[in-house]
Amino acid sequence: MYQKYKSAELVKPGGLDLKDRLVGVQRVTKVTKGGRAFGFSAIVVVGDEAGVVGHGLGKSKDVASAISKAVEDAKKNLVRIPLVKGTLPHEQKGKYGGARVNIIPAAPGTGVIAGGAVRTVLEAVGVHDVLSKSQGSSNPHNVVKATFDALLQLRDAKAVARERGISLEKLYKG
């Protein structure tokens, strides 16, 4: 799922204290010859609020099992996100479908300034100070995936230094 991101570090759910957050539940309708068949789809974000996060989609005839399926799906694709002192290492844009998300690191005490699905993902990651702007589509599925696109492109200073083959000191001092 995350093959196109070279910094994406997959994490196993064992031993982590994961909290699940519901992004949204949709009632979906299938019209059959016997009438309408109702079902539910749920999108959930799970995270340990310390840099590990995942998202999942569950579908079922009732809400409770849709949510539990979504949580199980989310636990299957957990990734580690680099955090620096409760915020992000740098500004980043993410996109998925028609959704565009811009996340910007903020000074301590700012809080999570984000709306809807972006806020849910950032809180699950454990970011305490961040500014964000969601543009284009407000479809929660695409907004969550666009936020993940942005988060998975983040790199901390150590990763940048490693990729360039230089020391951290040389990275900062030039």
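Residues numbered from 1 in each chain as written. Predicted model: local features only at pLDDT ≥ 70, side-chain atom pairs only at ≥ 80, totals over all residues. Heavy atoms only, no water.

## Let's talk about the sheet that holds strand β9 (residues 130–136)
Link 1 in the chain: In spatial order, the strands read β6-β7-β9-β8; together these four strands make up an open sheet with mixed pairing. Each having just a single partner strand, β6 (92–96) and β8 (112–113) make up the two edges of the open sheet.
Link 2 in the chain: Here two bridges tie β8 to β9, and the two strands are oriented parallel to one another. Bridge pairing links I113 to L131 in β9.
Link 3 in the chain: Helix α3 (residues 140–152) contacts β6, β7 (99–105) and β9 of the sheet and is inclined by roughly 140 degrees relative to β6. (Pairing = 2+ DSSP bridges. Helix = DSSP H or I, 4+ residues; strand = E, 2+ residues; numbered from the N terminus. Contact = heavy atoms within 4.5 Å. Axes fitted to C-alpha atoms, helices over the stretch in contact; angles between N-to-C directions.)

## Structural notes on the pairing of β7
Link 1 in the chain: As judged from the five bridges shared by β6 and β7, these two strands associate in the antiparallel manner. From the neighbouring strand, G94 faces β7, where its bridge partner is V101.
Link 2 in the chain: Pairing of β7 with β9, which is carried by seven bridges, proceeds in the antiparallel orientation. What sits directly across from V101, in β9, is S134.

## Some thoughts on α3
Link 1 in the chain: With 13 residues, α3 extends 18 Å from end C-alpha to end C-alpha; this agrees with the ideal 18 Å at 1.5 Å per step.
Link 2 in the chain: The opening residue of α3 is N139, an N-cap whose side-chain oxygen sits 3.0 Å from the backbone nitrogen of H141. (Expected span 1.5 Å × (residues − 1). Polar contact = N/O pair within 3.5 Å; in protein donor to acceptor, adjacent residues only side chain to side chain.)

## Re the domain arrangement of the protein chain
Link 1 in the chain: As assigned here, the protein chain comprises domain 1 (9–79) and domain 2 (83–173).
Link 2 in the chain: Between the C-alpha centres of domain 1 and domain 2 there is a distance of 22 Å.
Link 3 in the chain: On the domain 2 side, the residues contacting the 19 residues of domain 1 number 14 residues.
Link 4 in the chain: Contact between domain 1 and domain 2 buries roughly 1300 Å² in total, counting both sides, with carbon and sulfur atoms accounting for 77%. (Domains from an automatic or database assignment. Buried area = accessible area lost by both parts, 1.4 Å probe.)

## Structural notes on the UniProt feature "domain: S5 DRBM" (unreviewed entry) in the protein chain
Link 1 in the chain: Taking the UniProt record as the reference, the feature "domain: S5 DRBM" (unreviewed entry) is found at residues 18–81.
Link 2 in the chain: Here residues 18–81 runs as 22% helix and 61% strand, with 15 Å between its end C-alpha atoms. (UniProt positions renumbered as here; feature names shortened; annotations may be inferred.)

## Examining the pattern of salt bridges
Link 1 in the chain: In total, this model carries four salt bridges according to the counting rule given.
Link 2 in the chain: One salt bridge connects E123 with R21, and the closest N-O pair in it is separated by 3.3 Å. Taken together, the residues E123 in helix α2 (residues 116–125) and R21 in strand β2 (residues 19–32) connect sequence positions 102 residues apart.
Link 3 in the chain: The salt bridge involving E123 is made with R119; its shortest N-O contact spans 3.1 Å. A residue pair is termed a helical-turn pair when its members lie 3 or 4 positions apart in one helix, as E123 and R119 do in helix α2 at four residues. (Salt bridge = Lys/Arg side-chain N within 4 Å of Asp/Glu carboxyl O.)

## Some details on the sheet that holds strand β5 (residues 78–80)
Link 1 in the chain: Strand order in the open sheet made by the five strands is β1-β5-β4-β3-β2, with antiparallel pairing throughout. Each end of this open sheet is capped by a strand with a single partner; those strands are β1 (9–11) and β2. Here the strands of the sheet are splayed against their neighbours by 25 degrees on average, with no regard to which way each runs.
Link 2 in the chain: With eight bridges connecting them, strand β3 (residues 35–47) and strand β4 (residues 52–60) associate as antiparallel partners. Its bridge partner lying in β4, F40 is registered against S60.
Link 3 in the chain: Contacts between helix α1 (residues 63–76) and the sheet are confined to β2, β3, β4 and β5, with β4 contributing the most and set at about 145 degrees to the helix.

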